[in-house]
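Inside the fold
As a plain string of letters, each chain reads:
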Amino acid sequence: MNKSFKFFQYAYLIFAVVFLYQVVNKYMITGVVDYGSLLLAGAAIFMFFFRKRFNKKFDNKD
């Protein structure tokens, strides 16, 4: 498997951490929950596990 696929798989986790940081930071400053960033963090975590499973299936076919 190409190493770039693995890099992008873990890039989703990095994006999730960034979005969760934004949610916590905005909540601590204003007291308002940023649901948009929270939704994006959830989507990034979902995509990490989806790509991980997809890549595993792709590896097993070779």
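The rules behind each value
The residue count restarts for each chain, going from 1 along the sequence in the order it is written. Thresholds applied to this predicted model are a pLDDT of at least 70 for local features of residues and 80 or more for the giving and counting of side-chain atom pairs; totals over whole chains, interfaces and linings are not thresholded and use all residues. Hydrogens and water are ignored here; the side-chain numbers use all heavy atoms of the structure. What counts as a helix is a DSSP run of H or I of at least four residues, what counts as a strand is a run of E of at least two, and both are numbered from the N terminus. Every helix has an expected span of 1.5 Å times one less than the residues it contains. Accessibility here uses a 1.4 Å probe with only protein chains present; expressed as a share of the type maximum, an area under 20% marks a residue as buried, one over 50% as exposed, and anything in between as partly exposed. The contact rule is simple, with two residues in contact once any of their heavy atoms fall within 4.5 Å. Residues enter a patch when their relative accessible area is above 30% and they make no salt bridge; the linking distance is 9 Å between like charges and 5 Å between nonpolar side chains (Val, Leu, Ile, Met, Phe, Trp, Tyr). For the accessible areas, the method is Shrake-Rupley and the probe is 1.4 Å, while residue cover comes only from the protein chains on display. Salt bridges, as used here, are contacts in which a Lys or Arg side-chain nitrogen is within 4 Å of a carboxyl oxygen on Asp or Glu. In this count, Lys and Arg are taken as positive residues and Asp and Glu as negative ones, while His and the chain termini are left out. By convention, the charge on Lys lies at NZ, on Arg at CZ, on Asp at CG and on Glu at CD. Side-chain atoms alone can form a polar contact between residues adjacent in sequence; in general such a contact is a pair of N or O atoms within 3.5 Å, and within protein one must be able to donate a hydrogen while the other accepts it.

Looking at helix α1 (residues 3–30)
- A rise of 1.5 Å per residue sets the reference length of α1, with its 28 residues, at 40 Å; its end C-alpha atoms lie 41 Å apart and thus fit the reference within 8%.
- Downstream of α1 by one or two residues, G31 has phi in the positive range, about 80°.

As for the environment of Y27
- Here Y27 shows up in helix α1.
- Accessibility expressed as a relative area gives 44% for Y27, which makes it partly exposed.
- Contact partners of Y27, with chain neighbours within four places excluded, come to V32 and V33.

Some points on a positive patch on the surface
- On the surface, a cluster of positive charge is made up of K3, K6, K52 and K56.
- Listed by contribution, the elements that provide at least two residues to the positive patch are α1 and α2 (35–61).
- Examined against the element boundaries, K6 turns out to sit in helix α1.
- Residue K6 is classed as partly exposed on the basis of its relative accessible area of 43%.

Concerning the environment of S37
- Within the secondary structure, S37 is located in helix α2.
- Considering only alpha carbons, one finds S37 and Y27, 10 residues apart in sequence, at a separation of 11 Å.
- Those residues within four positions of S37 in sequence are excluded, and the remaining contacts are F19, Q22 and V23.
- In this structure the side chain of S37 is engaged in a polar contact, spanning 3.3 Å, whose partner is the side chain of Q22.

A short note on the side chain of N55
- Assignment of secondary structure puts N55 in helix α2.
- Under the relative-accessibility criterion, N55 is labelled buried at 5%.
- Within polar-contact distance, the side chain of N55 engages the side chain of Q9 at 3.0 Å.

Some details on the environment of A41
- As for its position among the elements, A41 is in helix α2.
- Of the residues examined, A41 reaches a relative accessible area of 1% and is grouped as buried.
- Residues A41 and F15 lie 26 residues apart in sequence; the distance between their C-alpha atoms is 7.0 Å.
- With residues near it in sequence (within four places) discarded, A41 still touches A16, F19 and L20.

Interpretation in functional terms is not warranted from these geometric data alone.
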